[in-house]
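Listed here are the chains, written in short residue letters.
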Amino acid sequence: MPTLVCFGDSLTAMEESRDGYERLTPRLRKQLSEWTIVNSGISGETTRAALARLQEDVLRHSPDLVTILFGSNDASEHRRINLQEYERNLEIMIDRITPKKTILISPPPVIEASQEKRNNKELERYAQVTRKIANKRGCYFIDLWNYFIQNDLYKKMLVNDGLHFNERAYLFLSELIIDQIKSIKAKAV
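For the structure given in this document, a descriptive report is provided here. (Residues numbered from 1 in each chain as written. Predicted model: local features only at pLDDT ≥ 70, side-chain atom pairs only at ≥ 80, totals over all residues. Heavy atoms only, no water.)

## Examining the packing of aromatic side chains
For clarity, the cut-off: The rule is short: rings of Phe, Tyr and Trp, with Trp giving its six-membered ring, pair when the centres are within 6.5 Å, and they are stacked under 30 degrees, edge-to-face over 60, tilted in between. Per the convention used, a helix needs a DSSP run of H or I reaching at least four residues, while a strand needs a run of E reaching at least two, with both numbered from the N terminus. Partly exposed residues are those whose accessible area sits between 20% and 50% of the maximum for their type, while under 20% is buried and over 50% is exposed, using a 1.4 Å probe and protein chains only.
For the structure on display, the rule yields six aromatic pairs. Consider the rings of F7 and F70, whose centres lie 5.1 Å apart with planes at 80 degrees: the pair is edge-to-face. Of this pair, F7 sits in strand 1 (residues 3–8) while F70 sits in the loop between strand 3 (65–69) and helix 4 (83–97), and the two are 63 residues apart along the sequence. Since its relative accessible area comes to 0%, F7 is described here as buried. Taking the relative accessible area as the measure of exposure, F70 reaches 1% and is therefore buried.

## A short note on the sheet that holds strand 2 (residues 36–41)
Here is the rule we go by: Criterion used throughout: strands pair if DSSP finds at least two bridges between them. Angles here are taken between N-to-C directions and fall from 0 to 180 degrees, while the axes themselves are lines fitted to C-alpha atoms, restricted in helices to the stretch in contact. Here a residue-residue contact requires only that any non-hydrogen atoms of the pair lie within 4.5 Å.
Taken in spatial order, the five strands line up as 2-1-3-4-5 in an open sheet, and their pairing is parallel. Edge positions in the sheet fall to strand 2 and strand 5 (140–142), since each has one partner strand and no second. Between one strand axis and the next, the sheet turns by 20 degrees as a mean value, whatever way the strands run. Alignment of strand 1 against strand 2, held across six bridges, turns out to be parallel. For L4, the partnering residue across the bridge sits in strand 2 and is I37. Against the sheet, helix 1 (residues 24–31) makes contact with strand 1 and strand 2, and its axis sits at roughly 170 degrees relative to strand 2, the strand it touches most. Along the sheet, helix 4 contacts strand 1, strand 3 and strand 4 (102–105); its crossing angle with strand 3, the most-contacted strand, is approximately 175 degrees.

## Examining the packing of helix 1 against helix 7 (residues 167–188)
Defined as follows: Oblique is the label for any angle not covered by the other classes, which are roughly parallel (under 35 degrees), roughly antiparallel (over 145) and roughly perpendicular (65 to 115). Here a crossing is called left-handed whenever its near helix is offset anticlockwise from the far helix by less than a right angle, and right-handed whenever the offset is clockwise. Ten residues, namely Ala, Val, Leu, Ile, Met, Phe, Trp, Tyr, Cys and Pro, are considered nonpolar, four, namely Asp, Glu, Lys and Arg, are considered charged, and the remaining ones, Gly among them, are considered polar.
Two numbers describe how helix 1 lies on helix 7: the axes approach to 9 Å, and their chain directions differ by 45 degrees. With respect to helix 7, the axis of helix 1 lies oblique. Regarding helix 1 and helix 7, the two cross each other, and that crossing is right-handed. Here L24, R27, L28 and Q31 of helix 1 lie close against helix 7, whose contacting residues are E167, Y170, L171, L173, S174, E175, I177 and I178. The class makeup of the residues in the contact of helix 1 with helix 7 is seven nonpolar, two polar and three charged.

## Considerations on the pairing of strand 3
The test is simple: Here is how to tell: hold the view so the strands point away, follow the path from the first strand over the helix to the second, and if it runs clockwise the crossover is right-handed.
In terms of burial, strand 3 is a largely internal element, five of the five residues being buried. Here five bridges tie strand 1 to strand 3, and the two strands are oriented parallel to one another. Each bridged residue has a counterpart across the sheet, and for L4 the counterpart in strand 3 is L65. With four bridges connecting them, strand 3 and strand 4 associate as parallel partners. The residue of strand 4 that forms the bridge with T67 is I103. Handedness of the crossover is the feature at issue here: the chain leaves strand 3, passes through helix 4, returns alongside strand 4, and the resulting connection is right-handed.

## Overview of the environment of Q31
Tracing the chain through its elements places Q31 in helix 1. Its relative accessible area of 47% is what places Q31 among the partly exposed residues.

## Quick look at helix 4
Note on helix geometry: an α-helix contains 3.6 residues per turn, so any two residues three or four positions apart are oriented the same way. Test applied: A helix is expected to reach a length of 1.5 Å times the quantity of its residues less one. Whenever two N or O atoms come within 3.5 Å, that pair is a polar contact, provided that in protein one can donate a hydrogen and the other can accept it, and provided that, for residues adjacent in sequence, both atoms are side-chain atoms.
Spanning 15 residues, helix 4 covers 21 Å between terminal C-alpha atoms, matching the ideal 21 Å at 1.5 Å per step. For helix 4, the full list of buried residues reads L83, E85, Y86, E87, N89, L90, E91, M93, I94 and I97. On its buried side, helix 4 packs onto strand 1, helix 2 (47–52), helix 3 (54–57), strand 3, strand 4 and helix 5 (120–137). For helix 4, the N-terminal capping position is held by N82, with its side-chain oxygen 3.1 Å away from the main-chain nitrogen of Q84.

This is the structure:
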């Protein structure tokens, strides 16, 4: 069975929300029953901490594909990782995983009125860096920032804290990932 590792922060971590709905990896398991799906998300994490656990939490699984979704904490005032280090950390991850096995996902916007430590102007800069890295490294890319920002969709996709995903957002993200995997498999045939 092929293996997909979902690597990220709180947007990836945990199988179920406090409200009882399925988050990302359970949805992927249902749709990708022929795959082993590994959740390697840790709440509150930045790319710096993630890089330190890349071998243990990602590479040791010998993944066929890896989603990488970081940036919401890197761009925050209280955990800030500057853009240059963020870019370097992501590039190292992609190089170690290999571009052909990496699906890089840009960080989404937040509802600023509910977020004291994050703002969309800063988050957009981090999203732009992910776009640049995906082009430079030649990995797969899901532009979650642009999907969410169009028509203020993110305002319907986030819970009351203005940062974390609601059920609708996890359905949307899982479908984007599944579509990307189908596209990758189609190209391989």
